[in-house]
Amino acid sequence: TALETGPKSHSSYQVVLESSVEKDGTTTLTKDQQAQVDEEEDQLIVRLHLVERVRWCEMIKQFDGRTDNAIKNRFNSNLKKRLNEPQFVKLLSEQP
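Every value quoted in this text rests on a predicted model; they were computed, and no experiment measured them.

Each value, and the rule that gives it
Residues numbered from 1 in each chain as written. Predicted model: local features only at pLDDT ≥ 70, side-chain atom pairs only at ≥ 80, totals over all residues. Heavy atoms only, no water. Salt bridge = Lys/Arg side-chain N within 4 Å of Asp/Glu carboxyl O. Buried < 20%, exposed > 50% of the residue type's maximum accessible area, 1.4 Å probe, protein only. Helix = DSSP H or I, 4+ residues; strand = E, 2+ residues; numbered from the N terminus. Contact = heavy atoms within 4.5 Å. Axes fitted to C-alpha atoms, helices over the stretch in contact; angles between N-to-C directions. Left-handed = near helix turned anticlockwise from the far one by under 90°. Nonpolar A, V, L, I, M, F, W, Y, C, P; charged D, E, K, R; others polar. Phe/Tyr/Trp six-rings, centres within 6.5 Å; stacked < 30°, edge-to-face > 60°.

Draft legend 1. Fine view of the pattern of salt bridges. Inspection of every chain in the model, using the stated rule, returns seven salt bridges. Across the pair Arg47 and Glu52 runs a salt bridge, and its minimum N-O distance is 2.0 Å. Exposure remark for Arg47: the relative accessible area of 16% places this residue in the buried category. Using a relative accessible area of 42% as the deciding quantity, one classes Glu52 as partly exposed. With its nearest N and O atoms 3.1 Å apart, the salt bridge here joins Glu85 to Arg82. A relative accessible area of 28% means that Glu85 is categorised as partly exposed. Three or more residues are tied together by salt bridges with common partners; here these are Glu39, Asp42, Arg74, Arg82 and Glu85.

If you want it as structure tokens, here you go:
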């Protein structure tokens, strides 16, 4: 599937999150939902950093509640090792 950003992706996240909000206001996602969110975030981090060359401090606008250091740590500790996986190879081959 194509990586979505903007209002459309925001509304799809909102639907998933609203359906999982407990009465006390906490959010619980199923493992499948969390895996999907993680994978979409990973693709977004790779696209922003390697394809669009967005600075870490600018990326925080795309990730609520994350610091630039947390995003950079995610990339350096996990994603850099996974760049040969098919979803990232395809994403990187779409460079302008």
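Resuming the write-up.
Draft legend 2. Region of interest: the environment of Val54. Considering the arrangement of structural elements, one finds Val54 in the loop between helix 2 (31-51) and helix 3 (56-59). Residue contacts for Val54: discarding those within four places in its chain leaves Leu48, His49 and Met59.

Draft legend 3. Region of the structure containing the packing of helix 2 against helix 5 (residues 86-93). Interaxial distance between helix 2 and helix 5 falls to 10 Å at its minimum, and their mutual angle equals 35 degrees. In the crossing of helix 2 with helix 5, the sense of the turn from one axis to the other is right-handed. Residues Glu39, Asp42, Gln43, Val46, Arg47, Leu50 and Val51 of helix 2 form the contact with helix 5, whose participating residues are Gln87, Phe88, Leu91 and Leu92. Of the residues contributing to the contact of helix 2 with helix 5, the split by class is six nonpolar, two polar and three charged.

Draft legend 4. Representation of the packing of aromatic side chains. Across all of its chains, the model carries one aromatic pair by this definition. Aromatic side chains Trp56 and Phe75 sit 5.7 Å apart centroid to centroid with 50 degrees between the ring planes, which places their arrangement in the tilted category. One end of the pair, Trp56, is in helix 3; the other, Phe75, is in helix 4 (residues 68-77), and 19 residues separate them in sequence. The two residues Trp56 and Phe75 agree in class, both being buried.

The quantities given are spatial measurements derived from coordinates; they are silent on function.
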